[in-house]
Number of protein chains: 2
Amino acid sequence: MIRVAINGYGTIGKRVADAAALQDDMKVAGVVKTRPSFEARIAVKKGFRLFTNTKDNIPAFNAVGIKISGTLDDLLKESDIVVDCTPGKVGAENKEKIYMPRKIKAIFQGGEKAKTVEASFNALCNYASCLGKNYIRVVSCNTTGLCRTLGTIDRAFGIKKARVTLVRRGADPADADTGPINAIVPDPAEVPSHHGPDVKTILPNIDIITSAMVVPTTLMHVHSVGITLSRPATREEVISAFQNASRIILVSAADGIDSTAKVMEYARELGRPRSDLYEIAIWKESINVIGDELFWTQAVHQESDVVPENIDAIRAVTGIEKDAHKSIAKTNKNLGMIK
Amino acid sequence: MIRVAINGYGTIGKRVADAAALQDDMKVAGVVKTRPSFEARIAVKKGFRLFTNTKDNIPAFNAVGIKISGTLDDLLKESDIVVDCTPGKVGAENKEKIYMPRKIKAIFQGGEKAKTVEASFNALCNYASCLGKNYIRVVSCNTTGLCRTLGTIDRAFGIKKARVTLVRRGADPADADTGPINAIVPDPAEVPSHHGPDVKTILPNIDIITSAMVVPTTLMHVHSVGITLSRPATREEVISAFQNASRIILVSAADGIDSTAKVMEYARELGRPRSDLYEIAIWKESINVIGDELFWTQAVHQESDVVPENIDAIRAVTGIEKDAHKSIAKTNKNLGMIK
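Residues numbered from 1 in each chain as written. Chains lettered and ligands numbered in written order. Predicted model: local features only at pLDDT ≥ 70, side-chain atom pairs only at ≥ 80, totals over all residues. Heavy atoms only, no water.

1. Looking at the overall build of chain A
Phase 1 of the analysis: A count of helical and extended segments in chain A gives 12 helices and 16 strands.
Phase 2 of the analysis: Compactness check: chain A gives a C-alpha radius of gyration of 20 Å against a globular reference of 20 Å for 339 residues, within 12% of the reference.
Phase 3 of the analysis: If you line up chain A on its principal axes, its C-alpha atoms span 65 × 45 × 40 Å.
Phase 4 of the analysis: A burial count over chain A gives 60% of its 339 residues as buried.
Phase 5 of the analysis: A separation threshold of at least 6 residues defines the contact pool for chain A, and within that pool the share at least 24 residues apart is 72%.
Phase 6 of the analysis: Element-wise, carbon and sulfur atoms account for 51% of the exposed surface of chain A, whose accessible area totals about 13000 Å². (Helix = DSSP H or I, 4+ residues; strand = E, 2+ residues; numbered from the N terminus. Rg over C-alpha atoms; globule rule 2.2 N^0.38 Å. Buried < 20%, exposed > 50% of the residue type's maximum accessible area, 1.4 Å probe, protein only. Contact = heavy atoms within 4.5 Å. Areas by Shrake-Rupley, 256 points an atom, 1.4 Å probe, with all protein chains shown as cover.)

2. Considering the interface of chain A and chain B
Phase 1 of the analysis: Contacts between the two partners involve 39 residues from chain A and, on the opposite side, 39 residues from chain B.
Phase 2 of the analysis: The junction of chain A with chain B conceals about 3100 Å² of combined surface from both sides, 64% of it contributed by carbon and sulfur atoms.
Phase 3 of the analysis: Seen at the junction of chain A and chain B, the total is 4 salt bridges.
Phase 4 of the analysis: The partner of A:Glu293 in a salt bridge is B:Lys161, with the nearest N and O atoms 3.5 Å apart.
Phase 5 of the analysis: Our count for the chain A to chain B interface comes out at 16 residue pairs in polar contact (both at pLDDT 80 or more).
Phase 6 of the analysis: If you list the elements that add at least two residues to the side of chain A that touches chain B, you get strand E9 (159–169), strand E10 (185–186), strand E11 (208–215), strand E12 (221–229), helix H10 (260–269), strand E15 (288–290) and strand E16 (293–300) of chain A.
Phase 7 of the analysis: Partitioned by chemical class, the residues of the side of chain A that touches chain B number 21 nonpolar, 12 polar and 6 charged. (Buried area = accessible area lost by both parts, 1.4 Å probe. Salt bridge = Lys/Arg side-chain N within 4 Å of Asp/Glu carboxyl O. Polar contact = N/O pair within 3.5 Å; in protein donor to acceptor, adjacent residues only side chain to side chain. Nonpolar A, V, L, I, M, F, W, Y, C, P; charged D, E, K, R; others polar.)

3. Things to note about the environment of A:Gly271
Phase 1 of the analysis: Tracing the backbone shows A:Gly271 in the loop between H10 and strand E14 (280–283).
Phase 2 of the analysis: Through-space distance from the C-alpha of A:Gly271 to that of A:Gly336 is 9.7 Å; in sequence the pair is 65 residues apart.

4. Quick word on the pattern of salt bridges
Phase 1 of the analysis: Taken as a whole and assessed by the stated rule, the structure comprises 48 salt bridges over all chains.
Phase 2 of the analysis: With a closest N to O distance of 3.1 Å, A:Arg163 and A:Asp207 form a salt bridge. With A:Arg163 in strand E9 and A:Asp207 in the loop between helix H8 (195–200) and E11, the pair connects residues that are 44 residues apart, well separated along the chain.
Phase 3 of the analysis: Notably, a salt bridge pairs B:Asp276 with B:Arg15, separated by 2.7 Å at the nearest N-O pair. Residue B:Asp276 is located in the loop between helix H10 (260–269) and strand E14 (280–283), and its partner B:Arg15 is located in helix H1 (residues 11–21); the two are separated by 261 residues in the primary sequence.
Phase 4 of the analysis: Beyond isolated ion pairs, a larger network of salt bridges with shared partners links A:Asp25, A:Arg148, A:Arg247, A:Glu309, A:Asp312 and A:Arg315.

5. Describing the relation of the copies chain A and chain B
Phase 1 of the analysis: If you rotate chain A by 180 degrees and push it 0.0 Å along the axis, it lands on chain B with an RMSD of 0.0 Å. Here the transformation between the copies is reduced to the relation of a two-fold axis. Looking at the rotation axis and the C-alpha trace of chain A, the residue lying nearest is A:Pro216, at 3.0 Å.
Phase 2 of the analysis: Looking at chain A, 100% of its interface residues are interface residues in chain B too, so the copies touch through the same face. (Least-squares fit on C-alpha atoms with pLDDT ≥ 70 in both.)

6. A closer look at the sheet that holds strand E3 (residues 50–52) of chain A
Residues and elements named next belong to chain A.
Phase 1 of the analysis: Strand order across the open sheet formed by 8 strands is E4-E3-E2-E1-E5-E6-E8-E7, with parallel pairing between neighbours. Two strands in the sheet have a free side with no partner beyond their single neighbour: strand E4 (70–71) and strand E7 (119–121).
Phase 2 of the analysis: Of the pairings in the sheet, the one linking strand E2 (residues 26–32) to E3 comprises 2 bridges and is parallel in character. Pairing of Val32 across the sheet is with Phe51, part of E3. (Pairing = 2+ DSSP bridges.)

7. Description of the domain arrangement of chain A
Often, the extent of an interface is quoted as the loss of accessible area upon association of its parts.
Residue and element names in this part refer to chain A.
Phase 1 of the analysis: Entries for chain A in the domain assignment read domain 1 (2–139 + 306–335) and domain 2 (141–300).
Phase 2 of the analysis: Distance between the C-alpha centres of domain 1 and domain 2: 26 Å.
Phase 3 of the analysis: In this assembly, 24 residues from domain 1 lie in contact with 17 residues from domain 2.
Phase 4 of the analysis: Both faces considered, domain 1 and domain 2 share a buried interface measuring about 1700 Å² in area, 51% of it formed by carbon and sulfur atoms.
Phase 5 of the analysis: Per-residue buried area on domain 1 facing domain 2 is highest for Leu124, Cys125 and Val139; these three make up 32% of the total on that side. (Domains from an automatic or database assignment.)

8. Considering the packing of H1(B) against helix H11 (residues 307–318) of chain B
All names here are of chain B.
Phase 1 of the analysis: Their axes nearest at 9 Å, the elements H1 and H11 cross at an angle of 60 degrees. Judged on the interaxial angle alone, H11 and H1 are oblique. The handedness of the crossing between H1 and H11 comes out as right-handed. Contacts between H1 and H11 involve Ile12, Arg15, Val16, Ala19 and Ala20 from the first element and Val307, Asn310 and Ile311 from the second.
Phase 2 of the analysis: Class assignment for the residues of the contact of H1 with H11 results in 6 nonpolar, 1 polar and 1 charged. (Axes fitted to C-alpha atoms, helices over the stretch in contact; angles between N-to-C directions. Parallel < 35°, antiparallel > 145°, perpendicular 65-115°, else oblique. Left-handed = near helix turned anticlockwise from the far one by under 90°.)

9. As for the packing of aromatic side chains
Describing an aromatic ring pair means giving the distance of the ring centres and the angle of the ring planes.
Phase 1 of the analysis: Counted according to the given criterion, the structure contains 8 aromatic pairs over all chains.
Phase 2 of the analysis: Measuring from centroid to centroid gives 5.9 Å for B:Tyr99 and B:Phe108, while their planes differ by 45 degrees, and the two rings are tilted. Here B:Tyr99 and B:Phe108 have matching classes, each one buried.
Phase 3 of the analysis: Taking the centre distance of 5.0 Å and the plane angle of 80 degrees together, the rings of B:Phe242 and B:Trp296 count as edge-to-face. On the criterion of sequence distance, the pair formed by B:Phe242 in helix H9 (residues 235–244) and B:Trp296 in strand E16 (residues 293–300) is long-range, its members being 54 residues apart. The residues B:Phe242 and B:Trp296 share a single accessibility class, namely buried.
Phase 4 of the analysis: Taken together, A:Tyr99, A:Phe108 and A:Tyr135 form an aromatic cluster joined through their ring pairs. (Phe/Tyr/Trp six-rings, centres within 6.5 Å; stacked < 30°, edge-to-face > 60°.)

10. Quick word on H11(B)
Residues and elements named next belong to chain B.
Phase 1 of the analysis: For H11, built from 12 residues, the straight-helix expectation of 16 Å at 1.5 Å per residue is met to within 8% by its first-to-last C-alpha distance of 17 Å.
Phase 2 of the analysis: Here H11 lies mainly inside the structure; 11 of its 12 residues are buried.
Phase 3 of the analysis: Within H11 the residues assigned to the buried category are Val307, Pro308, Glu309, Asn310, Ile311, Asp312, Ala313, Ile314, Arg315, Ala316 and Val317.
Phase 4 of the analysis: Where H11 terminates, the next one or two residues include Gly319, which has phi positive at roughly 75 degrees. (Expected span 1.5 Å × (residues − 1).)

11. So, the state of the cysteines
Phase 1 of the analysis: Within the structure shown, the criterion is met by 0 disulfides over all chains.
Phase 2 of the analysis: Between A:Cys85, a free cysteine, and A:Cys141, which holds the nearest cysteine sulfur, the sulfur-to-sulfur gap is 13 Å.
Phase 3 of the analysis: In this model B:Cys125 remains outside any disulfide bridge; the closest cysteine sulfur is found in B:Cys147, 5.0 Å from its own.
Phase 4 of the analysis: The class of B:Cys125 is partly exposed, set by a relative accessible area of 22%. (Disulfide = S-S within 2.5 Å.)

12. What about the confidence of the model for chain A?
Phase 1 of the analysis: Considering every residue of chain A, the mean pLDDT works out to 97; 100% of them sit at 70 or more.
Phase 2 of the analysis: Predicted as a complex, the structure gets a pTM of 0.95 and an ipTM equal to 0.92. (pLDDT = per-residue confidence, 0-100.)

13. A short note on helix H5 (residues 90–99) of chain B
Residues and elements named next belong to chain B.
Phase 1 of the analysis: Of all the positions in H5, only Gly91, Asn94, Lys95, Ile98 and Tyr99 are classed as buried. Along the long axis of H5, the arc covered by the buried residues comes to 115 degrees, so they all point the same way.
Phase 2 of the analysis: On its buried side, H5 packs onto strand E1 (2–7), helix H4 (72–77), strand E5 (81–84), strand E6 (105–108) and strand E8 (135–138). (Arc of directions from axis to C-beta.)

Below, the structure written as structure tokens:
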């Protein structure tokens, strides 16, 4: 039974904690939060042992009646691995100052740079190459989405080149501080964006160029994907490849799922925790092969698609499961995923 | 002096009326509105003669004290040409039932199908081929934007293929009835969208495939453009081609114009009527040549980019100016455009 510490209990941390608690080969040793909040209170109610970064933080929790089990330092002593879900760049600091001196393995998130870690991770693409590593990062939500679908097409037909426009949500649903309210923001203004190189940390041989913009929504990123194929494929073969792939689902406007809002409504109807959707949703109507080119449009739930990846990453790094497909199947089953 | 009737005084009609009134070789014979509204009242205050479709509509205007000069029929008798700015598909009906029987030339908007007219029109691309025609249409705002920039690159370097993702504004600023509020809507869900074929009504030889989605903004469409060039070009040569082209401007995030909202703020600072921007704005940072591929991101002011095109279309159809560049230069000068 692998003992997992979750450092950082925000958007990703709270989800990874719940997901880890649902596995039969790992348990949550504790979760770490800097400040008291409704989420800290709920973590304790859920039965998680709650820790905070330093002793100095403890009085603030005591003051509002939230029970603290100790510090991050205390937690790491009782853990086999830490999943770092702190804000971007904090992870790199934690690695140097905390995890390396204590010789504890760590998994970071996409907000950390690739050079911070030994390898970037996507379960479907490169599980085996991360086996036994000490420091890896689960790539960002956008990169995870692209790796799942591009990886599937690359394995099935070969990708000569991929050209992608990312239309990103402006803020997460609970974030009232971020814009835009009424603008489309090229972000970055430069083309290409950093997303292409980030995909190449997982799929180094794909010729990919991306551009990106931000729009005033909170529900999912959308990717407009154009591929030049290495080998011929029919639309039916592409649909079949996606249907057979794990963590990718096909949705249809004809079935009423005609926007990101409807994809999220689908997740709510499925009864998913927090109404999350771990899978990448591809609009079936958008899949089209024209000559040697393949097109599709996909939606990525920015808060949750990396959650199953973090669970698999724990297995890969600790070596408790050597087979990617067995880990993926176990994670999917325990999280109630479609496939 | 060409006498111009404007049938339909909504988003496009009111702008075309003002623009035509600023030219020295045409005058506005009158504008036609179905129902009384603040816009009808302002039209009369501006000195436009106001007409309505049928006699039955007149009492509604009289009731609120707005002076009506007669019916559409009366206006057409005193006009050399009509610019039809009615809602999409109404124009086709008007052509059959009203304009053809009265043998009056007509210019339609992008909401009408290409087959309704003898030719589709974009001043920079095909002015000459529309000379003397009886029924043409100014293509939609998105198609106008693509024709201006793709046409410029095709003439300068040749386009082997163009792949474009259109991110469309959900509603115009004054439209409180349209969504989405918090969703990205693939529209259509299918790829390709109709925009590619629409561009080909103007630039038939361009291999273009488009996909499109709608987002919750009111300020400008954004196009993410990827081109495969026929002949080599450097980034500097591309910038130079855009700089030399009419009705295209380069903006820069480094200069503070980092979103569609800022592009519109730029138009406001320029003192444009209604804070419109007739030009297509390309983010300079986005222009990039990688191998034989060219990328850029552009913004299209959906309410106004077709306005100068309508003025040029009047000159082409009536034949009062045979030279495209002279018409464009005159229109640009009279509208106070940058170039």
